[in-house]
Amino acid sequence: MSRITRKFIELRKKGGKAFIPYIMTGHPTLQRTGELIRLLEDSGADIIELGVPFSDPLADGPTIQKAAQTALQQGITLRSVIAFVAELRKTTQVPVILMTYYNPVFKYGEERFARDASAAGVDGIIVPDLPPDEAGALISYCRKAGIDTIFLLAPTSTEDRIKKVVQAARGFIYYVSITGITGANLSMDASIGSHIADIKEKCSTPVAVGFGISNPAEAATVAQFADGVIVGSAIVRQAESSDADISRYLLSLRNAVK
Amino acid sequence: MPALSELESAYKAAAKDSAFAAELSQLQATYIGRPTPLYFAKRLTEQLGGARIYLKREDLAHTGAHKINNAIGQALLAKRMGKQRLIAETGAGQHGVATATGAALTGLSCDIYMGSDDIARQSLNVFRMKLLGARVIEVSTGSRTLKDAINEGLRDWTTNVRTTHYVMGTVFGPHPFPMMVRDFQAVIGKEAKKQILKAEGRLPDYLIACVGGGSNSIGLFFDFLAHENVRMIGVEAGGRGIATGEHAARFAGGSIGVLQGTKSYLLQDDDGNVLGTHSVSAGLDYASVGPEHAYLKDSGRAEYTYADDEEALSAFELLARTEGIIPALESAHALAETIKRAPTLSKETVIIVNLSGRGDKDVQHVARIKGIEL
């Protein structure tokens with residue numbers, strides 16, 4: 001059983017919800033990413049999503065685009081992110097998910113990626129520009145290596161798409177709260193609750209919600225329907241704030257997700 | 001993904017609907033000005049002293065380039081799907097102008113994404129789009145050219161998918177775009193085939209077209225694919241030379257990758273990040289190429305080469321002086337290859353060059369390169 005699944009089971013027993021923060025690896029520096037991970041853990045992050053910078057981040061809004069640019073300028077690549085996780089594993093067992101676009105994985109080699117990422121201690125991957133229909137090979141390599149493959153569903157997803165994602169997803173299903181890109185303003189779709197209920201009827205896989213959640217109130221609302229809440233851009237924006245400010249903000253989110 | 005499935009089924013239904021075909025063909029004839037002529041370039045042929053050169057005059061289509069063929073097709077489709085808004089990316093500005101035109105024609109609102117570098121070199125087209133009622137949104141992320149404009153267009157589409165149709169301007173992006181754009185552009189080759197049979201009584205020996213995303217070239221090639229004796233040459237942008245790394249020659253300098261929902265040849269580094277490109281022509285300045293071209297290259301059916309900035313600029317001037325036609329800098333790349341090849345071929349050989357657009361939009365840019373103040 002993966003660290004991610006174990007975490008959700010543990011939370012379910014306690015009646016809790018998962019708080020899943022996202023940060024961009026190497027933004028503003030790799031050293032700062034290491035510090036941020038400690039702050040995230042200390043603030044009660046259940047799972048940490050690490051962004052892999054890419055030149056053309058189609059699903060990301062301006063905040064994460066800029067963070068990716070910064071990371072790329074410092075030479076951060078998929079290879080260095082994997083090495084970073086291996087280093088991280090010496091000090092923490094927190095579940096780690098990589099969010100990467102497909103081309104870096106394709107170029108790295110899917111089989112080699114699954115093997116190396118697993119050896120480094122990566123628990124799951126999200127590839128936002130790879131729909132399950134095209135992910136057959138990557139899914140099978142990840143299954144073999146014990147890496148959870150997390151797929152996205154959106155408010156516009158059809159029944160047929162939900163079925164495909166439910167079949168392909170491991171760890172959790174990433175429900176995109178809005179039609180849009182990361183960091184956009186959240187104008188909660190009134191039907192979000194019923195959408196998620198509909199998905200949960202079809203599977204026992206946990207459903208976490210992300211995109212556009214930036215404050216405790218939004219996080220609390222989303223936590224009512226979902227098994228987990230993902231906060232990305234809003235945290236990335238604070239990467240350079242003081243540790244005390246970040247911790248305060250993270251704790252306010254953590255306490256809202258229950 | 002749901003948007004792509006919706007688009008695919010709407011397109012398939014439209015493609016079978018004779019009313020849609022009739023409306024499109026009526027507009028092709030009365031609005032776009034099709035068929036565009038196939039012109040025998042007598043003086044150019046004489047000057048080069050080899051093969052007989054015909055120009056397929058897409059530059060004479062409404063708005064001045066082949067882009068209108070696809071834009072009108074997709075605008076009609078969007079209208080039929082009940083969308084209220086068109087968005088598009090543009091490099092040289094021709095597709096932006098064509099989409100803005102399609103939006104005006106069908107009464108839809110229109111936003112065009114354009115890289116800030118391209119806005120600087122194509123200011124005339126920026127103003128044309130505004131005159132046509134479109135809003136031009138500057139994209140200053142990444143390499144600030146066509147690729148980044150596509151990223152922003154796709155981001156917008158993801159956000160506003162319920163009301164908006166994304167008019168992809170070339171044979172790229174996720175399915176069904178490469179197929180659909182090819183189908184709308186295939187009219188070029190269909191006409192050229194009839195016209196050359198009338199003029200020469202036989203099929204051509206060579207087809208030559210420039211390849212950015214690859215829509216004008218696939219449009220010319222497609223109807224000839226079954227005729228094995230017709231050789232096809234796609235010309236990419238060699239920029240400042242392949243060795244300098246400042247080019248957009250994906251076949252000469254790239255490898256297989258996945259960008260913007262398409263698996264094809266891609267200019268990328270060892271870590272899978274997309275490299276910057278350079279070309280004197282904004283319309284060819286793109287890091288990847290339509291997947292059907294990748295297939296034609298790998299299967300050997302078409303060959304691909306490149307012309308550099310200087311060769312394109314001399315072809316630009318040569319055509320202006322010998323034929324009185326100022327070509328788009330994109331099309332000048334196809335002419336540059338023709339200039340190299342025609343003299344080596346017999347006088348019985350027949351070449352059709354796709355003159356994909358007119359050069360009015362490039363006049364200022366060329367003057368600047370030549371150091372002339374207008």
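Residues numbered from 1 in each chain as written. Chains lettered and ligands numbered in written order. Predicted model: local features only at pLDDT ≥ 70, side-chain atom pairs only at ≥ 80, totals over all residues. Heavy atoms only, no water.

Q: Please provide a residue-by-residue account of the overall build of chain A, values included.
A: If you tally the helices and strands in chain A, you get 12 helices and 9 strands. Principal-axis analysis of the C-alpha atoms places the extent of chain A at approximately 45 × 45 × 35 Å. Split into buried and exposed, the 258 residues of chain A put 60% on the buried side. Restricting to contacts in chain A with at least 6 residues of sequence separation, those with at least 24 account for 71%. When the accessible surface of chain A is totalled, it reaches about 9,800 Å², and 51% of it is carbon and sulfur. Computing the positive centroid from 28 side-chain charges and the negative centroid from 27, chain A places the two 5 Å apart. (Helix = DSSP H or I, 4+ residues; strand = E, 2+ residues; numbered from the N terminus. Buried < 20%, exposed > 50% of the residue type's maximum accessible area, 1.4 Å probe, protein only. Contact = heavy atoms within 4.5 Å. Areas by Shrake-Rupley, 256 points an atom, 1.4 Å probe, with all protein chains shown as cover. Lys, Arg positive; Asp, Glu negative; His and termini not counted. Charge placed at Lys NZ, Arg CZ, Asp CG, Glu CD.)

Q: Could you give an account of the overall build of chain B, naming the residues involved and the relevant values?
A: Looking only at helices and strands, chain B features 16 helices and 12 strands. Its C-alpha radius of gyration of 19 Å places chain B within 12% of the 21 Å reference for a compact globule of 374 residues. The C-alpha extent of chain B, read off along each of the three principal axes, is 55 × 45 × 45 Å. By sequence separation, contacts in chain B at least 24 residues apart represent 73% of the contacts at least 6 residues apart. As presented, chain B carries roughly 13,400 Å² of accessible surface, and 52% of it is formed by carbon and sulfur atoms. Averaging the locations of the 41 positively and 42 negatively charged side chains of chain B gives two centres separated by 5 Å. (Rg over C-alpha atoms; globule rule 2.2 N^0.38 Å.)

Q: Describe in detail helix 2 (residues 18-32) of chain B, supporting the description with residues and values.
A: All names here are of chain B. With 15 residues, helix 2 ought to run about 21 Å at 1.5 Å a step, and its terminal C-alpha atoms sit 20 Å apart, in line with that. In this fold, the buried residues of helix 2 make contact with helix 1 (2-16), helix 4 (67-80), helix 5 (94-106), helix 9 (177-185) and helix 10 (187-200). The positive-phi residue at the C-terminal boundary of helix 2 is glycine 33, with phi of around 90 degrees. (Expected span 1.5 Å × (residues − 1).)

Q: Could you give an account of helix 14 (residues 309-323) of chain B, with specific residues and numbers?
A: Residues and elements named next belong to chain B. A rise of 1.5 Å per residue sets the reference length of helix 14, with its 15 residues, at 21 Å; its end C-alpha atoms lie 21 Å apart and thus fit the reference within 8%. Every buried residue belonging to helix 14 is among Asp309, Ala312, Leu313, Ala315, Phe316, Leu319, Thr322 and Glu323, and all of these are buried. Structurally, the start of helix 14 carries an N-cap: the backbone nitrogen of glutamate 310 is 3.1 Å from a side-chain oxygen of aspartate 308. Phi turns positive, to about 70 degrees, at glycine 324, one or two residues after helix 14. (Polar contact = N/O pair within 3.5 Å; in protein donor to acceptor, adjacent residues only side chain to side chain.)

Q: If you had to explain the packing of helix 4 (residues 78-88) of chain A against helix 6 (residues 110-120) of chain A to someone new, which residues and values would you point to?
A: Residues and elements named next belong to chain A. Remark: helix 4 packs on helix 6, axes separated minimally by 8 Å, with the N-to-C direction vectors making an angle of 25 degrees. Looking at the two axes, helix 4 sits roughly parallel to helix 6. For the pair helix 4 and helix 6, the contacting residues are Leu78, Arg79, Ile82, Val85 and Ala86 in the first and Arg112, Phe113, Asp116, Ala117 and Ala120 in the second. When its residues are assigned to classes, the contact of helix 4 with helix 6 shows 7 nonpolar, no polar and 3 charged. (Axes fitted to C-alpha atoms, helices over the stretch in contact; angles between N-to-C directions. Parallel < 35°, antiparallel > 145°, perpendicular 65-115°, else oblique. Nonpolar A, V, L, I, M, F, W, Y, C, P; charged D, E, K, R; others polar.)

Q: Hey, could you go over the sheet that holds strand 5 (residues 135-139) of chain B for me, with residue numbers and the actual values?
A: Residue and element names in this part refer to chain B. Taken together, the 4 strands give an open sheet; going across it, the order is 5-4-3-6, and neighbouring strands pair in parallel fashion. What marks the edges here is a single partner per strand, and that holds for strand 5 and strand 6 (164-166). For this sheet the average axis-to-axis angle between neighbouring strands, irrespective of direction, equals 25 degrees. Of the pairings in the sheet, the one linking strand 3 (residues 85-90) to strand 4 (residues 109-115) comprises 6 bridges and is parallel in character. (Pairing = 2+ DSSP bridges.)

Q: Explain the interface of chain B and chain A to me, using residue names and the numbers behind them.
A: Residue-level contacts link 29 residues of chain B with 27 residues of chain A. Here chain B meets chain A over a buried area of about 2,200 Å², counting both sides, of which 53% is carbon and sulfur. When the area that chain B buries against chain A is broken down by residue, the three leading residues are Arg155(B), Val258(B) and Asp271(B), summing to 27%. Our count for the contact surface shared by chain B and chain A stands at 2 salt bridges. A salt bridge links Lys147(B) to Asp56(A), with the nearest nitrogen and oxygen atoms 2.8 Å apart. (Buried area = accessible area lost by both parts, 1.4 Å probe. Salt bridge = Lys/Arg side-chain N within 4 Å of Asp/Glu carboxyl O.)

Q: Before we move on, can you summarise the layout of surface pockets with the specific residues and values?
A: Empty space within the largest pocket amounts to approximately 1,400 Å³. If you list the elements that add at least two residues to the lining of the largest pocket, you get helix 5 (102-108), strand 6 (152-153) and helix 8 (159-168) of chain A together with helix 1, helix 8 (146-159), helix 9 and strand 10 (262-266) of chain B. Its residues placed into classes, the lining of the largest pocket shows 32 nonpolar, 11 polar and 7 charged. (1 Å grid on protein atoms, 1.4 Å probe; cavity = no way out; pocket = protein on both sides within 12 Å on 5 of 7 lines; lining within 4 Å. Points joined across faces, edges and corners; volume = space filled by probe spheres on them.)

Q: So, a nonpolar patch on the surface: which residues are in play, and what are the values?
A: A cluster of nonpolar residues, Ile326(B), Val363(B), Ile372(B) and Leu374(B), forms a patch on the protein surface that exposes about 370 Å² of accessible area. Of note, Ile326(B) is situated in the loop between helix 14 and helix 15 (329-341). (Patch = residues over 30% accessible without salt bridge, like charges linked within 9 Å, V, L, I, M, F, W, Y side chains within 5 Å.)

Q: Let's hear about the side chain of Ser288(B): which residues, and what values?
A: All names here are of chain B. Within the fold, serine 288 resides in the loop between strand 10 and helix 13 (291-298). Of the polar contacts made by the side chain of serine 288, one reaches the backbone oxygen of tyrosine 265; its length is 2.7 Å. Not counting the four nearest positions on each side in its chain, serine 288 is found in contact with Phe172, Gly212, Arg250, Leu259, Ser264, Tyr265 and Leu266.

Q: Help me get a handle on the nonpolar core, residues and values and all.
A: Judged by nonpolar contacts, the single largest core of 92 residues is most densely connected at Leu50(A), Leu98(A), Phe113(A), Phe172(A), Ile173(A) and Val231(A). Beyond its immediate sequence surroundings of up to four residues, Phe172(A) is in contact with Ile4(A), Phe8(A), Ile20(A), Ile97(A), Ile150(A), Phe151(A), Thr205(A), Pro206(A), Ala208(A) and Ile230(A). (Core = buried A, V, L, I, M, F, W, Y, C linked by side-chain atoms within 4.5 Å.)

Q: Quick one: what's the story with the packing of aromatic side chains, residue by residue and with numbers?
A: Within this structure, the stated rule accounts for 13 aromatic pairs over all chains. Considering the side-chain rings of Tyr108(A) and Phe113(A), the 6.3 Å spacing of their centres and the 90 degrees angle between planes classify their relative orientation as edge-to-face. Neither residue differs from the other here; Tyr108(A) and Phe113(A) are each classed as buried. Their ring planes at 45 degrees and their centres at 4.4 Å tell us that Phe251(B) and Tyr304(B) sit as a pair that is tilted. Here the residue Phe251(B) occupies a position in helix 12 (residues 250-253), and Tyr304(B) occupies one in strand 11 (residues 302-308), the gap between them amounting to 53 residues. There is no split in this pair, since Phe251(B) and Tyr304(B) are both buried. Pairwise contacts between aromatic rings join Trp157(B), Tyr166(B) and Phe177(B) into one cluster. Its end group placed over the ring of Phe40(B), Arg52(B) keeps NZ or CZ at 4.5 Å from the ring centre. (Phe/Tyr/Trp six-rings, centres within 6.5 Å; stacked < 30°, edge-to-face > 60°. Lys NZ or Arg CZ within 6 Å of the ring centre and 35° of its normal.)

Q: Give a detailed account of the sheet that holds strand 2 (residues 52-57) of chain B, specifying residues and quantitative values.
A: The strands that make up a sheet are held in pairs by hydrogen bonds between backbone atoms, and each pair lies either parallel or antiparallel. Residue and element names in this part refer to chain B. Taken together, 6 strands build an open sheet; the order of strands is 1-2-12-7-8-11 and the sheet is mixed. The sheet is open, and its two borders are formed by strand 1 (38-40) and strand 11, each paired with just one other strand. Strand-to-strand twist of the sheet, defined as the mean angle between neighbouring strand axes without regard to direction, takes the value 25 degrees. As defined by bridge partners, strand 7 (residues 206-210) adjoins strand 8 (residues 231-239) across 5 bridges and the pair is classed as parallel. Within strand 8, the position partnered with tyrosine 206 by the bridge is arginine 231. Along the sheet, helix 14 contacts strand 1, strand 2, strand 8, strand 11 and strand 12 (350-355); its crossing angle with strand 11, the most-contacted strand, is approximately 90 degrees.

Q: How would you summarise empty space enclosed by the protein if you had to cite specific residues and measurements?
A: Any empty space left between the atoms is revealed when a probe the size of a water molecule rolls over them. Residue and element names in this part refer to chain B. All chains considered together, the criterion is met by 4 cavities of 30 Å³ or more. By volume, the largest cavity amounts to about 320 Å³. Forming the walls of the largest cavity are 30 residues, and the residues nearest its centre are His66, Lys67, Gly283, Leu284 and Glu330. Put simply, the parts of the chain that give the lining of the largest cavity at least two residues each are strand 3, helix 5, helix 8 and helix 11 (215-221). The leading source of residues in the lining of the largest cavity is helix 11, at 3 residues. Taken together, the residues of the lining of the largest cavity sort by class into 9 nonpolar, 17 polar and 4 charged.

Such coordinate-based values are descriptive only and should not be taken to indicate function.
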